[in-house]
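If you want the building blocks of each chain, they are given just below.
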Amino acid sequence: DVKVTQSSRYLVKRTGEKVFLECVQDMDHENMFWYRQDPGLGLRLIYFSYDVKMKEKGDIPEGYSVSREKKERFSLILESASTNQTSMYLCASWAPRGNTEAFFGQGTRLTVV
Amino acid sequence: AQRVTQPEKLLSVFKGAPVELKCNYSYSGSPELFWYVQYSRQRLQLLLRHISRESIKGFTADLNKGETSFHLKKPFAQEEDSAMYYCALSSGGSEKLVFGKGTKLTVNP
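Residue positions within a chain follow its written sequence, with the count starting from 1. Ligands are numbered from 1 and chains lettered from A, in the order in which they are written. Restriction of local features to residues with pLDDT of at least 70 applies here, the model being predicted, together with a cutoff of 80 or more for giving and counting side-chain atom pairs; totals for whole chains, interfaces and linings are based on all residues. Side-chain numbers here rest on the full set of heavy atoms in the structure, without hydrogens or water.

A. Summary view of the overall build of chain B. Helix and strand assignments come from DSSP, with helices taken as H or I runs of at least 4 residues and strands as E runs of at least 2, each series counted from the N terminus. Each helix and strand in chain B was counted, giving zero helices and eleven strands. Just to be clear, the radius of gyration here is over C-alpha atoms, and the globule rule we use is 2.2 Å times residues to the power 0.38. Radius of gyration (C-alpha) of chain B: 13 Å, near the 13 Å computed for a compact globule of 109 residues. With respect to the three principal axes, the spread of C-alpha positions in chain B is 40 × 30 × 25 Å. The classification of residues rests on relative accessible area computed with a 1.4 Å probe and restricted to protein chains. Under 20% of the type maximum is buried, over 50% is exposed, and intermediate values are partly exposed. Counting only residues that meet the buried cut, chain B has 48% of its 109 residues in that class. Contacts are assigned to residue pairs that have any heavy atoms within 4.5 Å of one another. Contacts in chain B between residues far apart in sequence, at least 24 positions, make up 59% of those at least 6 positions apart. His is not counted, nor are the chain ends; Lys and Arg add positive charge and Asp and Glu add negative charge. For the purpose of locating charges, the reference atoms are NZ of Lys, CZ of Arg, CG of Asp and CD of Glu. For chain B, the distance from the average position of its 15 positive side-chain charges to the average position of its 10 negative side-chain charges is 6 Å.

B. Layout of the environment of L105 of chain B. Residue and element names in this part refer to chain B. One can find L105 in strand β11 (residues 103–108). Taking C-alpha positions, L105 is 7.3 Å from Y85, a pair spaced 20 residues apart along the chain. With residues up to four places along the chain from it excluded, the contact list for L105 reads L11, V13, V19, L21, D81, S82, A83 and Y85.

C. Focus on the state of the cysteines. Sulfur atoms of two cysteines make up a disulfide when they are within 2.5 Å. Applying the stated criterion across every chain, the model contains two disulfides over all chains. Between the sulfur of C23 of chain A and that of C91 of chain A lies a disulfide, 1.9 Å long from S to S. The S-S bond linking C23 of chain A to C91 of chain A shows a torsion near -80°; that makes this disulfide left-handed. Of this pair, C23 of chain A sits in strand β3 (residues 19–25) while C91 of chain A sits in strand β9 (residues 87–94), and the two are 68 residues apart along the sequence. The class of C91 of chain A is buried, set by a relative accessible area of 0%. Shown here is the disulfide that connects C23 of chain B with C87 of chain B, its sulfur atoms set 2.0 Å apart. The sign of the -65° torsion about the S-S bond sets the C23 of chain B-C87 of chain B disulfide as left-handed. You can see C23 of chain B sitting in the loop between β3 (19–21) and β4 (24–26) and its partner C87 of chain B sitting in strand β9 (residues 83–90), a full 64 residues away along the chain. There is no split in this pair, since C23 of chain B and C87 of chain B are both buried.

D. Expanded view of the sheet that holds strand β8 (residues 72–74) of chain B. Residues and elements named next belong to chain B. Judged by pairing direction, the sheet is antiparallel, and its three strands sit side by side in the order β3-β8-β7 without closing on themselves. Each edge of the open sheet is held by one strand with a lone partner, namely β3 and β7 (60–61). Note on pairing: two strands pair once DSSP finds at least 2 bridges between them. Two strands pair when backbone bridges link them, and β7 and β8 are joined in this way by two bridges, in the antiparallel orientation. In the strand pairing of β8, A61 is matched with L72.

Spelled out as structure tokens, the structure:
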């Protein structure tokens, strides 16, 4: 029944490490998103993708990059992790023209030490 | 630019009382508005969307284009309504989905 799966529930990484967060969806949705969720700041859009190999910056793309080589998979990359990237990361997928809802993953709690 | 404002970070009501969670948006075109909910230790999930004009779990929301608002209402709150509520906007045809900062609703017994 799970539709959007994030590869890790919890991650602890050191400052300066390269970090990969993976997300897979099984609904053949065109759009996929990465958000970070912080108390008092809500969900802030980092990047989104509307097709394979297509990506758009969201509101807070600095320090992040993404990759979408296959329709079902959307990866978030922290090139050099910093402590201010400690957060909950949420992946979502959506078919905007299908009048459907966006489905979210369970979230990855990343701690950078 | 698309922007969603939820002015209340926290909202506390007693069981059986009416509840209204406010949402205002900024967008010049024809928006699509949604309410998402996150219960404790659960995934974020859709509660309702303006285009379907439905009532889910007793909640309703009306899109007011004049006031650029999409407030969420329920006449009689239940304890199980306690959750984090997010208003979201898509610019109908845009690929982007933008969320507000959320309102934490607590329904006290």
